[in-house]
Amino acid sequence: MASIPYRLMEEEAESSLSSSKEESSPVDAVLFVGMSLVLGIASRHLLRGTRVPYTVALLVIGIALGSLEYGTHHNLGKVGHGIRIWNDIDPELLLAVFLPALLFESSFSMEVHQIKRCLGQMVLLAGPGVLISTFCLGSLVKLTFPYDWDWKTSLLLGGLLSATDPVAVVALLKELGASKKLSTVIEGESLMNDGTAIVVFQLFLKMVLGHSSDWSSIIKFLVKVALGAVGIGLAFGIASVLWLRFIFNDTIIEITLTIAVSYFAYYTAQEWADASGVLTVMTLGMFYAAFARTAFKGDSQKSLHHFWEMVAYIANTLIFILSGVVIAEGILDSDKIAYQGNSWGFLFLLYFYIQLSRCVVVGVLFPLLCRAGYGLDWKEAIILVWSGLRGAVALALSLSVKQSSGNSFLSTETGTLFIFFTGGIVFLTLIVNGSTTQFVLRLLRMDGLPATKKRILEYTKYEMLNKALQAFQNLGDDEELGPADWSTVQNYISSLKDSEGELVHPHNGSKTENLDPKSLKDIRIRFLNGVQSAYWEMLDEGRISENTANILMQSVDEALDRVSTESLCDWKGLKPHVKFPSYYNFLHSKIIPRKLVTYFAVERLESACYISAAFLRAHTIAQQQLFDFLGESNIGSIVINESKREGEAAKEFLENVRSSLPQVLRVVKTKQVTHSVLNHLLDYIQNLEKIGLLEEKEIAHLHDAVQTGLKKLLRNPPMIKLPKLSDMITSHPLSVALPSAICEPLKHSKKEPMKLRGVTLYKEGSKPNGVWLIFDGIVKWKSKSLSNNHSLHPTFSHGSTLGLYEVLTGKPYMCDMITDSMVLCVFIDSEKILSILQSDSTVDDFLWQESALVLLKLLRPQIFEKVAMQELRALVSAESPKLTTYVSGESIEINYNNVGLLLEGFVKPVGIQEELIASPAALLPFNGNQSFHNSSEASVD
């Protein structure tokens, strides 16, 4: 009779189990996702303003859910079934679902310049640091833990626990608001560390499972996994960024492309190439941060930012709650408990070992970390040690060990212990380190505002109160409702209640001879931030291209690094992009086609004009904003004056372009105006839609029409058209004297008339072999024999004929002639010039007169250097000069206010004991009229 109730109970249990299976559904997994998000929303809402990190709360919630499910035998019903579905997912699938999105969001949001500066520190911590940590932990586990593990198994656990989880670290840093420099180092290290630790883990796991390995195979494996990942990430980055350039104002496609490429790159590396998917996505995200950040403009950039923030929030919520479930399941599931009570003691000992190994890593590398990047002080080193959190990545790796256990190489008990220890460490690091990092920051006084920022904050609050009073005066009274009560309004402006005292300027009392360096540094940083903000605005307006914006942003980042030791110096980073680089001289060789060289040179010059104009505009905007904010301030005036000095070089460059190739500036301005007009039309259409005067279909039609214009401007912009060679030759004054037999071959010449900056046309003292006709551009002269000390602008511009005097006289060239900008010019052989003299004597006077124009600028720069060549030619023509030949002993009279040019021969001033004057020379009267005795046959113009 005793067996009947037992059978009845067994049948009831079986029927209840079968009914629960029938009621369960795979769709229950969706219930877990929804419930996790609701719990995450509630946690974030309730914990806002507290010191408890959001991620810690999620882990505790996950542990609670897992404890209820695995400790109470299915009492959670469908929710419990959903928990089990997620918990039973393959760990590699778990990583493939969450990691690409989280890693891409984290690496894409990092600043490129910060990454470059901190890259050395990241590599040290993620490379040697991981190896040191692995061997420290492995050795301590092998020597002190009672599980008879061999060295390979101990090092496997050490490598598994050496991964500081980027998901946990990044989430914590964003909540705590750590300094940008420290956040970059810790976040970048966690991203790289995660990739290298997974590689080390995979290496030791293969060794534990009996795969043969020697040093050559290990090195081959590491190179393939690491370098292969970087290569795949760069390949996907380049391909997708090029694709982005063909997508025009389509936010949905742009965002979808970033999702697709991050997951596809991870899968390609992890599954097809046997490389590190983590390092691949990290490389991809950093490549996007470097080269694609400016590809997303205006609303697209905001949408992308908000989208990836939302994705990261959802993924973080799910992964931390799921991590808590995995920890609870590993501890409470009776089928998997294979350890004794003393394992809890060894868990706490392992936590101590992890902190100790982290101290060893930072301590050993500290001398190098101090010298790399921005450096590292002892306070930051403490935070670096304490922020070594472990998370979902380590848990997923431990689940992989569990799946691989149950054989002669790795026992089931060892696999279970790996889950237990890893889950415990994840819990302890998040609960202990994560919860107390804010306290450590406060203890080290790293979370407060410095005095300079506090003064700016109080000053801003006072200004806000004035703005509030102005707004109240404008809004406080109207015809319909009458006046408002200011005292009631003031009660709702809680942040300004302490600002009703006397206005205290943040730089009050500062004198020029006793400036506060910290305040000066702070204002420089704020000014440069304003410059960078102006660049973003110009990018949205279409004033600058993506490439130009990247160059300008980088110059500001570099200047921000030097604000403590130098004045504003963002122009320093732009100089290499404004001047022609040295390799352009190679392009000028005969190997490269002339038209291709011209194309690249003109493009380079156009880019330099964009950069210079944007620089001046951004600095002008930032100067006005700083003055409006601070008013009269010694420090503000110093920074504004530094900015004005920086802009002088940009103004000079644009003036040179305006005088040499004005068509370049015209095209640049045309592009900017076209883009501004089209944007204005878009704003007008949107305003009509807002006020309800146009219907949706009409709006779509007009919007598409304007977008077509913008797309056309982007893909077929107005090009710089250099004048035709035939037109340039015809417009030059010397062409009047040249017969058609000489002009026509020049007009149809295939030689490229363009010379880059820094090209030497001829050298002083060399034999004259021809004449240079300058059509556009600036040519600079310098001479050892001629005195050009009084010359501030020793240049020749369009309309000049260089080398003509030397060809006519047969004398060596008088000076070096070097192009000082991009120059359009043509060379005429000396034999052709001399043949004109022999065939047509009427041209003789004209050629000598033309050569005299250059001589006036060379011999009397203090009088004629600022006179344009066209004006000087007109001045000389108006005086009707004559070429006169004098015999030896004949007197030469130079009237007052006249200038004589000695073209050939020697003369001696009358009444002055001086040596003979040799040609070429300028003959000037000293007082009144001046006479010269000719000492040989001479020609004077």
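Whatever comes next refers back to the structure up there.
Residues numbered from 1 in each chain as written. Predicted model: local features only at pLDDT ≥ 70, side-chain atom pairs only at ≥ 80, totals over all residues. Heavy atoms only, no water.

**Quick notes on the overall build of the protein**
Then, in step 1: Across its full length, the protein carries 35 helices and 18 strands.
Then, in step 2: Sorting the 941 residues of the protein into buried and exposed places 48% on the buried side.
Then, in step 3: Partitioning the intrachain contacts of the protein with sequence separation of at least 6 by distance along the chain shows that 78% fall at a separation of at least 24.
Then, in step 4: For the protein, the computed accessible surface area is about 46700 Å², with 58% contributed by carbon and sulfur atoms. (Helix = DSSP H or I, 4+ residues; strand = E, 2+ residues; numbered from the N terminus. Buried < 20%, exposed > 50% of the residue type's maximum accessible area, 1.4 Å probe, protein only. Contact = heavy atoms within 4.5 Å. Areas by Shrake-Rupley, 256 points an atom, 1.4 Å probe, with all protein chains shown as cover.)

**Remarks on the sheet that holds strand 6 (residues 779-782)**
Then, in step 1: If you walk across this open sheet you meet the four strands as 4-9-6-7, and the pairing is antiparallel. Sheet topology places strand 4 (760-762) and strand 7 (795-796) at the edges, where each strand pairs with a single neighbour.
Then, in step 2: Direction of pairing for strand 4 relative to strand 9 (residues 816-819): antiparallel, over a ladder of two bridges. Within strand 9, the position partnered with threonine 760 by the bridge is isoleucine 818. (Pairing = 2+ DSSP bridges.)

**Notes on the packing of aromatic side chains**
Then, in step 1: In total, this model carries 25 aromatic pairs according to the counting rule given.
Then, in step 2: Both rings, one in phenylalanine 236 and one in phenylalanine 264, keep their centres 5.5 Å apart while their planes meet at 90°; by these two values the pair is edge-to-face. On the criterion of sequence distance, the pair formed by phenylalanine 236 in helix 11 (residues 215-244) and phenylalanine 264 in helix 12 (residues 251-272) is long-range, its members being 28 residues apart.
Then, in step 3: Taken together, Phe145, Tyr147, Trp149, Phe346, Phe352, Tyr353, Phe418, Phe420 and Phe421 form an aromatic cluster joined through their ring pairs. (Phe/Tyr/Trp six-rings, centres within 6.5 Å; stacked < 30°, edge-to-face > 60°.)

**Topic: the nonpolar core**
Then, in step 1: Grouped together as the largest cluster of nonpolar side chains are 134 residues, with contacts concentrated most on Tyr288 and Phe421.
Then, in step 2: Ranked by size, the runner-up nonpolar core spans 107 residues in total, among them Tyr459, Leu626, Trp781 and Ala852. (Core = buried A, V, L, I, M, F, W, Y, C linked by side-chain atoms within 4.5 Å.)

**Looking at helix 22 (residues 546-560)**
Then, in step 1: With 15 residues, helix 22 should cover 21 Å at 1.5 Å per step; its first-to-last C-alpha distance of 21 Å lies within 8% of that length.
Then, in step 2: All buried positions along helix 22 are accounted for by Glu546, Thr548, Ala549, Ile551, Leu552, Met553, Ser555, Val556, Asp557 and Ala559. (Expected span 1.5 Å × (residues − 1).)

**Looking at a nonpolar patch on the surface**
Then, in step 1: On the surface, Trp215, Ile219, Val223 and Leu227 cluster together into a nonpolar patch covering about 480 Å² of accessible area.
Then, in step 2: Relative to the helices and strands, tryptophan 215 resides in helix 11.
Then, in step 3: Residue classification places tryptophan 215 among the exposed residues on the basis of a relative accessible area of 69%. (Patch = residues over 30% accessible without salt bridge, like charges linked within 9 Å, V, L, I, M, F, W, Y side chains within 5 Å. Salt bridge = Lys/Arg side-chain N within 4 Å of Asp/Glu carboxyl O.)

**Notes on helix 7 (residues 128-144)**
Then, in step 1: When the terminal C-alpha atoms of helix 7 are compared, their 24 Å separation across 17 residues agrees well with the 24 Å that a helix rising 1.5 Å per residue should span.
Then, in step 2: Among all positions in helix 7, only Gly129, Val130, Ser133, Thr134, Leu137, Gly138 and Val141 are buried. Take helix 7 and look down its axis: the buried residues cluster within an arc of 150°, on one side only.
Then, in step 3: Against the buried residues of helix 7 lie helix 6 (112-126), helix 8 (151-160), helix 10 (180-208) and helix 15 (342-371). (Arc of directions from axis to C-beta.)

**A look at unusual backbone geometry**
Then, in step 1: The phi angle at aspartate 148 is positive, at roughly 55°, despite the residue not being glycine.
Then, in step 2: Topologically, aspartate 148 is positioned in the loop between helix 7 and helix 8.
Then, in step 3: Exposure remark for aspartate 148: the relative accessible area of 76% places this residue in the exposed category.

**Thoughts on the environment of glutamate 642**
Then, in step 1: In this structure, glutamate 642 sits in helix 26 (residues 634-660).
Then, in step 2: Residue class for glutamate 642 comes out buried when judged on its relative accessible area of 5%.
Then, in step 3: The spatial distance from the C-alpha of glutamate 642 to the C-alpha of serine 567 is 6.6 Å, given a sequence separation of 75 residues.

**Considering the pattern of salt bridges**
Close approach of charged atoms lets side chains of opposite charge pair.
Then, in step 1: In total, this model carries eight salt bridges according to the counting rule given.
Then, in step 2: For arginine 524, the salt bridge goes to glutamate 642, with nearest N and O atoms at 2.8 Å. You can see arginine 524 sitting in helix 21 (residues 517-541) and its partner glutamate 642 sitting in helix 26, a full 118 residues away along the chain.
Then, in step 3: Here the salt bridges share partners, and the residues they tie into one network are Arg562, Glu566 and Lys572.

**Digging into the pairing of strand 14 (residues 906-909)**
Regular strands have side chains that alternate between both faces of the sheet.
Then, in step 1: Alternating positions in strand 14 separate cleanly, Val907 and Pro909 being buried on one face and Phe906 and Lys908 remaining unburied on the opposite face.
Then, in step 2: Pairing between strand 14 and strand 15 (residues 917-918): two bridges, direction antiparallel. Across the sheet, the residue bridging to phenylalanine 906 is alanine 918, located in strand 15.

**Description of the packing of helix 7 against helix 10**
Then, in step 1: In the contact formed by helix 7 and helix 10, the axes pass within 9 Å of each other and the chain directions differ by 45°. Looking at the two axes, helix 7 sits oblique to helix 10. Of the two elements, helix 7 crosses helix 10, and the hand of that crossing is right-handed. Where helix 7 approaches helix 10, its residues Val130, Leu131 and Thr134 are matched on the opposing element by Asn193, Thr196, Ala197, Val200 and Phe204.
Then, in step 2: Residues of the contact of helix 7 with helix 10, tallied by class, amount to five nonpolar, three polar and no charged. (Axes fitted to C-alpha atoms, helices over the stretch in contact; angles between N-to-C directions. Parallel < 35°, antiparallel > 145°, perpendicular 65-115°, else oblique. Left-handed = near helix turned anticlockwise from the far one by under 90°. Nonpolar A, V, L, I, M, F, W, Y, C, P; charged D, E, K, R; others polar.)

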